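# Descriptive analysis of the structure
So you can see what is in the structure, the chains are spelled out below.
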There are 2 protein chains.
Amino acid sequence: MPGKNAFYAQSGGVTAVINASACGIIETARKNRNRIGKVFAGRNGIIGALQEDLIDTSKESKAAIHALVSTPSGAFGSCRHKLRSLEENRAEYERLIEVFKAHNIGYFFYNGGGDSADTCLKVSQLSHTLGFPLQAIHVPKTIDNDLPLTDNCPGFGSVAKYIAISTREAALDVASMCETSTKVFILEVMGRHAGWIAAAAGLAAEREGDAPHIILFPEIAFNREKFLARVKRCIKRHGFCVIVASEGTQYKDGTFLAESGLRDAFGHAQLGGLAPTLAQMIKSEHGYKYHWAVADYLQRSARHIASATDVEQAYAVGVAAVEFALQGKNAIMPIIVRGKGKRYRWSIGEAPLELAANQEKKMPRSFISRDGFGITDKAVAYLEPLIAGEAYPEYRKGLPRYTRLKNVAVPKKLKKFKV
Amino acid sequence: MPGKNAFYAQSGGVTAVINASACGIIETARKNRNRIGKVFAGRNGIIGALQEDLIDTSKESKAAIHALVSTPSGAFGSCRHKLRSLEENRAEYERLIEVFKAHNIGYFFYNGGGDSADTCLKVSQLSHTLGFPLQAIHVPKTIDNDLPLTDNCPGFGSVAKYIAISTREAALDVASMCETSTKVFILEVMGRHAGWIAAAAGLAAEREGDAPHIILFPEIAFNREKFLARVKRCIKRHGFCVIVASEGTQYKDGTFLAESGLRDAFGHAQLGGLAPTLAQMIKSEHGYKYHWAVADYLQRSARHIASATDVEQAYAVGVAAVEFALQGKNAIMPIIVRGKGKRYRWSIGEAPLELAANQEKKMPRSFISRDGFGITDKAVAYLEPLIAGEAYPEYRKGLPRYTRLKNVAVPKKLKKFKV
């Protein structure tokens, strides 16, 4: 008799390698058919579980599942639905247990960031109370790299690599044109609360004076005068200035720069325009010609230049999640543990979900240079191994071949539930 | 006795492969040392010639020159300085001849777009009048793909590949999140007068209904109502809508959308914000959650994912330029000629500069779908071969190794000249 089925869902913003974790989970479960039945995935994340909209991954070929390793974004769909606290919304938690019961699900693999770690923990606790024990394992994922306990988060290494490469490339462009054209280039990157992604741009510099010349972190209060003076000095010294700015760059009082000032013809405040805001600020003060780019989704879906280290780690946390479950573990999260010594080594460890949930790991101050505009050698030593290696996807007709699953629905057994 | 020296300059916006053309020229000249002396490059383009600021490329190692094949942007610097007409500015043309005379330069290789083809032609004509004959060969380069006579332009294939890949990747991201989050994604791409780059995004679609769902071309007058209706229909049908917009998208009267409306806190018009303008328009009308990206310099410097076909062609036009010069040709441009038949083949041909200068090749109407929002099979057949193949650079510590030349100056012999 096969074991209980497993449920897997992708949660929150997707990454270039979250499907590699899905692949690790499904492939490892398939290798243990005597103990784990089928892997059912939630269509559009936890919403799929609430609505009993489950995808039967056993309908997918071995090749299709394996191709997930090199396919970005969420192959089963993800969502931004956050389960509220147990007190506020017990009905949703009870519904989850009801669905899991109906489909003989004994393993709950939840692939997400800090919020989902919390959900995962609560689901595990409640299932016991309701007499339907589940093993709940959280599989870490976030481009923001802000989960505690783990040395780094799967998903981050690839966006870090993309941003470092893009910064190096765009800087060469500006450098070659600055004599008669653009002098300031601003790249806006993700990172609302933590500056890890912007920090990765610092890897683009090989020598003193190389771009990026200014990095803006959410962790460092933005000072207009200091910033403008720095831009000017940089252009005097190098002829051009490359700025990489976290979208969460904010003033001392917590106001995001992106919210500060731009309005459309109807007077509506325009959000999300940090790069143009900075560009306008520099233009008004110094008059320099500028260009700006906003990488947005391009950065977190850029599987074409994913970090091989990141892909391996994302796959490994998926494998470990199933292995931990088979060892009877519960309410934990596989983490990446950095080995000691100069040469980078990593292994998979585990951490209890109580300690992981709802925590945010910001950039340590020691990773940011004293003036607040760059990264330190310590940050370089931390970041560099995470972008190592290229894991190119296959190409067809000049474009990456990304897999598309059939995503066949599991027949429903329960009444509808309104999310 | 070695032959006359050659002058080479990069002009206008740089590309991911313009240095591959430089490499083709320098390597071919080095193979013909008995007939061509040294290759002197203009520092920052034609400005370097005017200011007698020449770079002695013979000081660079064979390896450094070869590494130009995989280094984006302009290794010698480029500029936006356009020489005015002979009548308006004879002094600058005469200065060029003076500098070329002083440095025994008999070959003029100018690597740029339509404007520089014109300059190249005038320099060649004037040199004869002034009794210092030069062989002037224009080496085509532009990401805009808008030069006449040549089937395509070196530099375009790589930006086309980057945009097609980025569109496919970002679309997977939106598709996996659209149930509860972002429904509209807008990618703003380069192309002020011609929509070739935006058109390339159309290659991302494999099946009916795939992203991009809407492409905006400068060639098609923007119609607000039609556009908004299309966005709505697309979201009803597919759950999300991916839009790729040329920066030059304009109303029927020629007003750029990017210039229409956004103002900062001081009331200054904000330019270059096409993507946020479209996003705001959709938000006001339909209320959908949106994200937008502006690729800007990232797209034209993305050597990490250059088209192998583009790299080969860029190198080949450089080689051909020198070979044409050695055959005694003058005032011509090597062009890319597409072979007949289903399988893509190309060879190098030549075109007289008289016909190439100051012409702009827009997208043929037959390449744009009837509704104006997509590309036709004819466009796909044209575009697809241009993005074929990956020409990955070498990596070190997770980042591409791009070469940096020493760029040693040739000793000056003349008085200063004010540009």
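On a predicted model such as this, the values are computed, not experimentally measured, just so you know.

### Some remarks on the overall build of chain A
- When you go through chain A residue by residue, the secondary structure sums to 13 helices and 13 strands.
- Its C-alpha atoms give chain A a radius of gyration of 23 Å, near enough to 22 Å, the size a compact globule of 419 residues would have.
- Overall, chain A is about 75 × 45 × 45 Å in size when its C-alpha atoms are taken along their principal axes.
- Considering only intrachain contacts with a sequence separation of at least 6, the fraction spanning at least 24 residues in chain A is 75%.

### A closer look at the confidence of the model for chain A
- Here chain A averages 94 in pLDDT, and 96% of its residues register 70 or above.
- The ipTM, which scores confidence in the relative placement of chains, is 0.96 for this predicted complex, and the corresponding pTM is 0.97.

### A few points about the relation of the copies chain A and chain B
- Take chain A, turn it by 180°, move it 0.0 Å along the axis, and it overlays chain B with an RMSD of 0.0 Å. Taken together, the rotation and translation relating the two chain copies correspond to the operation of a two-fold axis. Minimal C-alpha separation from the rotation axis in chain A is found for Val294 of chain A, amounting to 2.5 Å.
- Both copies share a contact surface, since 100% of the interface residues of chain A are interface residues in chain B too.

### A look at helix 6 (residues 156-177) of chain A
- Between its terminal C-alpha atoms helix 6 of chain A stretches 32 Å, which fits the 32 Å expected from 22 residues at 1.5 Å a residue.
- Buried residues dominate helix 6 of chain A, accounting for 22 of its 22 residues.

### A short note on the environment of Val14 of chain A
- Position of Val14 of chain A among the secondary structure elements: in the loop between strand 1 (5-10) and helix 1 (18-31).
- Expressed as a C-alpha distance, the spacing of Val14 of chain A and Val39 of chain A, which sit 25 residues apart in the sequence, is 20 Å.
- When residues no more than four places from it in sequence are discounted, the contact partners of Val14 of chain A are Ser73, Gly74, Ser78 and Arg300 of chain A together with Asp173, Ser176 and Met177 of chain B.

### Side note on unusual backbone geometry
Residue and element names in this part refer to chain A.
- The amide bond that connects Ala211 to the next residue, Pro212, takes the cis arrangement and shows omega of 0°.
- Within the secondary structure, Pro212 is located in the loop between helix 7 (196-201) and strand 7 (214-216).
- In this structure, Asn145 takes a positive phi of about 60° despite not being glycine.
- With respect to the secondary-structure elements, Asn145 resides in the loop between strand 5 (135-140) and helix 6.

### Points about the packing of helix 8 (residues 224-238) of chain B against helix 9 (residues 274-286) of chain B
Residues and elements named next belong to chain B.
- At a minimum axis distance of 11 Å, the contact between helix 8 and helix 9 shows a crossing angle of 70°. By the angle class used here, helix 8 and helix 9 are roughly perpendicular. For the pair helix 8 and helix 9, the contacting residues are Leu228, Val231 and Lys232 in the first and Ile282, Glu285 and His286 in the second.
- In terms of residue class, the contact of helix 8 with helix 9 is made up of three nonpolar, one polar and two charged.

### Considerations on the pairing of strand 9 (residues 290-294) of chain A
All names here are of chain A.
- Within strand 9, five of the five residues are buried, which leaves it mostly tucked inside the rest of the structure.
- Side-chain alternation along strand 9 places Tyr290, Trp292 and Val294 on one buried face and His291 and Ala293 on a second face that is also buried.
- The sheet contact formed by strand 6 (residues 184-189) and strand 9 spans five bridges and is parallel. Each residue of the ladder has a partner; that of Ile186, found in strand 9, is Trp292.

### Brief notes about the interface of chain A and chain B
- Taken together, the contacts link 67 residues of chain A with 67 residues of chain B.
- When residues of the side of chain A that touches chain B are traced back to their parent elements, those giving at least two are helix 6, helix 9 (274-286), strand 9, helix 10 (297-301) and strand 13 (399-400) of chain A.
- Of the residues forming the side of chain A that touches chain B, the biggest block, twelve residues, is contributed by helix 6 of chain A.
- Class assignment for the residues of the side of chain A that touches chain B results in 31 nonpolar, 22 polar and 14 charged.

### A few points about the domain arrangement of chain A
Residues and elements named next belong to chain A.
- For chain A, the domain assignment lists domain 1 (5-142 + 305-358 + 392-400) and domain 2 (156-301).
- Taken together, the contact pairs 13 residues of domain 1 with eight residues of domain 2.
- Partitioned by chemical class, the residues of the side of domain 1 that touches domain 2 number six nonpolar, six polar and one charged.

### Concerning helix 5 (residues 114-129) of chain A
All names here are of chain A.
- Spanning 16 residues, helix 5 covers 23 Å between terminal C-alpha atoms, matching the ideal 22 Å at 1.5 Å per step.
- On its buried face, helix 5 is in contact with helix 2 (46-50), helix 4 (90-102), strand 4 (105-112), strand 5, strand 10 (332-338) and helix 12 (353-356).
- Remark: Gly131 follows helix 5 within two positions and exhibits a positive phi of approximately 75°.

### Side note on the environment of Leu50 of chain A
Residues and elements named next belong to chain A.
- Assignment of secondary structure puts Leu50 in helix 2.
- We classify Leu50 as buried; it has 23 C-beta atoms within 10 Å.
- A sequence separation of 44 residues divides Leu50 from Glu94, and the C-alpha atoms of the two residues are 9.5 Å apart.
- Beyond its immediate chain neighbours, meaning those up to four positions away, Leu50 contacts Glu92, Arg95, Leu96, Phe417 and Val419.

Rules behind the numbers
- Residues numbered from 1 in each chain as written.
- Chains lettered and ligands numbered in written order.
- Predicted model: local features only at pLDDT ≥ 70, side-chain atom pairs only at ≥ 80, totals over all residues.
- Helix = DSSP H or I, 4+ residues; strand = E, 2+ residues; numbered from the N terminus.
- Rg over C-alpha atoms; globule rule 2.2 N^0.38 Å.
- Contact = placed C-beta atoms within 7 Å.
- pLDDT = per-residue confidence, 0-100.
- Least-squares fit on C-alpha atoms with pLDDT ≥ 70 in both.
- Expected span 1.5 Å × (residues − 1).
- Buried ≥ 20, exposed ≤ 12 C-beta atoms within 10 Å, placed from the backbone.
- Axes fitted to C-alpha atoms, helices over the stretch in contact; angles between N-to-C directions.
- Parallel < 35°, antiparallel > 145°, perpendicular 65-115°, else oblique.
- Nonpolar A, V, L, I, M, F, W, Y, C, P; charged D, E, K, R; others polar.
- Pairing = 2+ DSSP bridges.
- Domains from an automatic or database assignment.

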